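Each chain, written out:
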Amino acid sequence: MSIAIGEVVSVKGVNIVVELYEESNKETLFYDGKKFKGVSIQEHVLVKRGFKDIVALVQGEYLDERFQSEDRSGYVRKVELKPIGFYRHGEFFEGIKHLPMIRDVAYLMNDEQVQKIYGDPNESFIVGEILKEELPVSLPWASLFNTHIGVFGNTGSGKSNTLTNLYTTLFSNKLEQLKGKSHFVVVDFNGEYTGNQLLSNLEYKNVYDLDTRSNDGAKFPLSESVFWDEEVFGILFKATENTQKPFLKRVVTGRDKFKDTADSLNNYTKKTLTRALVSTAPKKEFSDLIRAISSIVLADDLKSLSEQMSWYSKDGKFYINGVNYLNGGEDDATYINYFKRHIDSINIGELDHFEELKLRINLQLLADLVSGYVQFEHIQPLLKRVEASLKSLERVFSIGDNPVKKLLTVVSLRKSNQEVKKVIPLLLAKYYYSSHKDAVINESPPANTFHLIIDEAHNILSVQSNRESESWKDYRLELFEEIIKEGRKFGFYLTLSSQRPADISATIMSQIHNFFIHRLVNDRDLLLLENSINTLDSLSRSMIPNLSKGCAVITGTSFDIPMVVQFHPLAKENQPDSGDVNLNELWKDVL
């Protein structure tokens, strides 16, 4: 038995009111050697309906008037309850199946009964304790890590510690079982996980600290087949759908067709330059493209001649030295006397993949202009983006082999410029999703899983960004929306951490299965959570703006009911590099 505290006096829908006995106002009670907590907000109460035990949560309390007598006070304490589940054969089941009736008796619940609601803790996976009951909480790892996870909270609320805590606990307990079966990749915008965080054993951990400011930083490896892909180029250079992507496809298709032919690039360069210079319908853009190509292949004499070419707009021709016109045709005297021998002497040496890409793009544009396939003004913005981006991309990519597949890969973007921060997460998501999907497409269920963890996810999943074109933003969001909607069936899971959930696509937010919500105060963020999470009750929602550091509301498909949990702090060496500056130490007096 337990301690009776009152009787049901009202049942309206799922709102229950219990009138408490006067002796039920103590904070803590002991009965039969067991500890019971008194009735207060967020406490659990058991209501007996015949042989059914209904579990309810205290939502509010108030004083109500009653008939006065000489020996009794004029007020009675009442509490409002909301049922959250029931016991059957000693086992807790979540959901509303039974409701009490008037005069049913309510009882306090001891710690053992409350613990059954949240499940018996697995000592190895304990990450914190329930805030009110101070009972240990362990992760239901088998039903948590095969879902999409969201960790949200304002800066300084403890979300990075929670994210680290989840995966540190997983790796600590399941390292041997994970090897060869799962792969974890962290996109780390602020360099918080490049040390001993998550996994300290470098035998199982790869760290790529990408640096666009220096040539000496780590480089993320990509195979030649992955790099030379029109979709990858479309991502890297933000190509438009109708003109620039087909242009890039022609670049890649042409290379694939002739890459095994000896001297194919050398011959292609000579032929394209010749076609441009002997064209009977030249365009004024030819000279700039010939100059760019000459510079790449180190044809200095040809480059010098291209700089001397002037455009005579009246007749639509080029001329050199004022009198020597290029009239078109292979027997043109100006072409033969000035250009032919320099083109014939071109000998392209060893080019890295980035220089080859630059050369092929300029050659393709020149060839398309000669053939009349494109308008220069449609492709020129792409050319400018390629030139601007390649310097940064050379510093963060090495083209050759695919990355070594260790258990955990951390890609840090702390030292990268804004351009790279935009495209790298998108490229990684596309590369890993495509390769994992191809590997498991004939397996059901998949024999391997992939877990992509994106810290500060609003940087890449924002729908509010005005620094990019609408077509680029649509492509970026569509890729991640496809992953979060279709990835689960292929064993591909996302974990997102962000300060501003309202900035993230509503489609993505609606597909997240489990939420770890730290302190959030912005109205737009709170409204989004209210609309996106059907498992979040009003009382838990009202606590979110006032949660303390390290405290989070946990809810989702892997948890029977919402929990308010205080996460344990990690050891200093395992904490993410996101701590506050200690001004006492920084500004201390110098003796």
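Going by the structure above, here's the rest.
Cut-offs used in this document
- Residues numbered from 1 in each chain as written.
- Predicted model: local features only at pLDDT ≥ 70, side-chain atom pairs only at ≥ 80, totals over all residues.
- Heavy atoms only, no water.
- Helix = DSSP H or I, 4+ residues; strand = E, 2+ residues; numbered from the N terminus.
- Rg over C-alpha atoms; globule rule 2.2 N^0.38 Å.
- Buried < 20%, exposed > 50% of the residue type's maximum accessible area, 1.4 Å probe, protein only.
- Contact = heavy atoms within 4.5 Å.
- Areas by Shrake-Rupley, 256 points an atom, 1.4 Å probe, with all protein chains shown as cover.
- Lys, Arg positive; Asp, Glu negative; His and termini not counted.
- Charge placed at Lys NZ, Arg CZ, Asp CG, Glu CD.
- Core = buried A, V, L, I, M, F, W, Y, C linked by side-chain atoms within 4.5 Å.
- Axes fitted to C-alpha atoms, helices over the stretch in contact; angles between N-to-C directions.
- Parallel < 35°, antiparallel > 145°, perpendicular 65-115°, else oblique.
- Expected span 1.5 Å × (residues − 1).
- Polar contact = N/O pair within 3.5 Å; in protein donor to acceptor, adjacent residues only side chain to side chain.
- Pairing = 2+ DSSP bridges.
- Phe/Tyr/Trp six-rings, centres within 6.5 Å; stacked < 30°, edge-to-face > 60°.
- Lys NZ or Arg CZ within 6 Å of the ring centre and 35° of its normal.
- Salt bridge = Lys/Arg side-chain N within 4 Å of Asp/Glu carboxyl O.
- Arc of directions from axis to C-beta.
- Patch = residues over 30% accessible without salt bridge, like charges linked within 9 Å, V, L, I, M, F, W, Y side chains within 5 Å.
- Left-handed = near helix turned anticlockwise from the far one by under 90°.
- Nonpolar A, V, L, I, M, F, W, Y, C, P; charged D, E, K, R; others polar.

A. Just the overall build of the chain, in detail. Within the chain one finds 19 helices and 25 strands. Relative to its length of 591 residues, the chain is extended, with a C-alpha radius of gyration of 33 Å against a globular reference of 25 Å. With the C-alpha coordinates aligned to their principal axes, the bounding extent of the chain is approximately 125 × 65 × 50 Å. For the chain, the proportion of its 591 residues judged to be buried stands at 51%. At a minimum sequence separation of 6, the contacts of the chain that also span at least 24 residues come to 70%. A total of about 28400 Å² of accessible surface is found on the chain, and carbon and sulfur atoms cover 46% of it. The chain carries 70 positive and 81 negative side-chain charges, and their two centres are separated by 3 Å.

B. Here's a closer look at the nonpolar core. Ranked by size, the top nonpolar core spans 108 residues in total, and within it Leu-236, Phe-339, Phe-397, Leu-452 and Phe-480 carry the most contacts. Here the element with the most residues in this core is helix H13 (residues 418-440); it accounts for 11 residues. When neighbours within four sequence positions are excluded, Leu-236 is seen to be in contact with Phe-227, Ser-389, Leu-393, Phe-397, Glu-419, Val-423 and Leu-427. Membership of the second largest hydrophobic core comes to 46 residues, among which are Val-151, Leu-166, Phe-184 and Met-563.

C. Focus on the packing of helix H11 (residues 353-371) against helix H12 (residues 376-396). Here H11 crosses H12 at 175°, and the two axes come no closer than 10 Å. Compared by their axis directions, H11 and H12 come out roughly antiparallel. Contacts between H11 and H12 involve Phe-354, Leu-357, Lys-358, Ile-361, Asn-362, Leu-365 and Leu-369 from the former and Phe-376, Ile-379, Leu-383, Val-386, Leu-390, Leu-393 and Glu-394 from the latter.

D. Representation of H11. Here H11 is 19 residues long and its end C-alpha atoms lie 26 Å apart, about the 27 Å a rise of 1.5 Å per residue gives. Where burial is concerned, most of H11 is hidden: 15 out of the 19 residues are buried. Measuring from the side-chain oxygen of the N-cap residue of H11 to the backbone nitrogen of Phe-354 gives 3.0 Å; that N-cap residue is Asp-352. Looking one or two residues beyond H11, the residue adopting positive phi is Gly-372, at roughly 80°.

E. Representation of the pairing of strand E15 (residues 220-223) in the model. Taking every second residue as pointing to the same face, both faces of E15 are buried, with Phe-220 and Leu-222 on one and Pro-221 and Ser-223 on the other. Pairing analysis gives 4 bridges linking E15 to strand E19 (residues 397-400), with the strands arranged parallel. The residue bridging Pro-221 from the neighbouring strand is Ser-398, located in E19.

F. Seen up close, the packing of aromatic side chains. In total, this model carries 24 aromatic pairs according to the counting rule given. Relative to Phe-515, the ring of Phe-152 has its centre 6.2 Å away and its plane inclined at 40°; by these criteria the two rings are tilted. One end of the pair, Phe-152, is in strand E12 (residues 149-152); the other, Phe-515, is in strand E23 (residues 514-517), and 363 residues separate them in sequence. Just as Phe-152 is buried, Phe-515 falls in that class too. Connected via pairs of aromatic rings, a cluster forms that spans Phe-227, Trp-228, Phe-233, Phe-237 and Phe-354. Between the NZ or CZ atom of Arg-88 and the centre of the ring of Phe-93, over which it lies, the distance is 4.6 Å. Positioned above the aromatic ring of Trp-228, the side-chain terminus of Arg-255 is 4.2 Å from the ring centre.

G. Quick look at the pattern of salt bridges. For the structure on display, the rule yields 21 salt bridges. Among the salt bridges present, the one from Arg-49 reaches Asp-104, with a minimum N-O distance of 2.7 Å. You can see Arg-49 sitting in strand E5 (residues 44-49) and its partner Asp-104 sitting in the loop between strand E8 (91-94) and strand E9 (105-108), a full 55 residues away along the chain. Exposure remark for Arg-49: the relative accessible area of 26% places this residue in the partly exposed category. With a closest N to O distance of 3.3 Å, Lys-245 and Glu-241 form a salt bridge. Note on Lys-245: relative accessible area 13%, which makes it buried. Taking relative accessible area as the criterion, Glu-241 reaches 52% and is therefore assigned exposed. Residues participating in the shared-partner salt-bridge network are Glu-224, Arg-255, Glu-356 and Arg-360.

H. Looking closely at the environment of Ile-16. Looking at the element boundaries, Ile-16 is found in strand E2 (residues 15-20). Taking the C-alpha atoms as reference points, Ile-16 and Glu-80, separated by 64 residues in sequence, lie 5.7 Å from one another. Once residues within four sequence positions are removed from consideration, Ile-16 is found in contact with Val-8, Ser-10, Val-79, Glu-80, Leu-81, Pro-83 and Pro-100.

I. Looking closely at helix H10 (residues 333-344). Here H10 contains 12 residues, and its C-alpha end-to-end distance of 16 Å stays within 8% of the 16 Å for a straight helix at 1.5 Å per residue. Residues of H10 that are buried: Thr-334, Tyr-335, Phe-339, His-342 and Ile-343. Each buried residue of H10 sits inside an arc of 110° when the element is viewed along its axis, so together they form one side. The elements touched by buried residues of H10 are helix H7 (264-277), helix H9 (300-308), strand E17 (317-320) and strand E18 (324-326). The N-cap of H10, judged by a side-chain oxygen 3.4 Å from the amide nitrogen of Thr-334 a few residues on, is Asp-332.

J. Local environment of a nonpolar patch on the surface. On the surface, a cluster of nonpolar side chains totalling about 360 Å² of accessible area is made up of Val-11, Val-14, Ile-96, Leu-99 and Ile-102. By secondary structure assignment, the location of Leu-99 is in the loop between E8 and E9.

K. Quick peek at the packing of H9 against H10. One way to put it is that H9 packs onto H10 with a least axis distance of 9 Å and a crossing angle of 150°. Judged by the inter-axis angle, H9 sits roughly antiparallel to H10. In this structure, H9 meets H10 at a crossing whose hand is left-handed. Contacts between H9 and H10 involve Asp-301, Leu-302 and Leu-305 on the former and, on the latter, Tyr-338, Phe-339, His-342 and Ile-343. Considered class by class, the residues forming the contact of H9 with H10 number 5 nonpolar, 1 polar and 1 charged.

L. Representation of unusual backbone geometry within the structure. Along the chain, Ser-444 connects to Pro-445 via a cis peptide bond; the corresponding omega equals -5°. A positive phi angle, close to 60°, is found at Leu-298, a residue other than glycine. Tracing the sequence through the fold places Leu-298 in the loop between helix H8 (286-296) and H9. Residue Leu-298 is classed as exposed on the basis of its relative accessible area, which comes to 69%.

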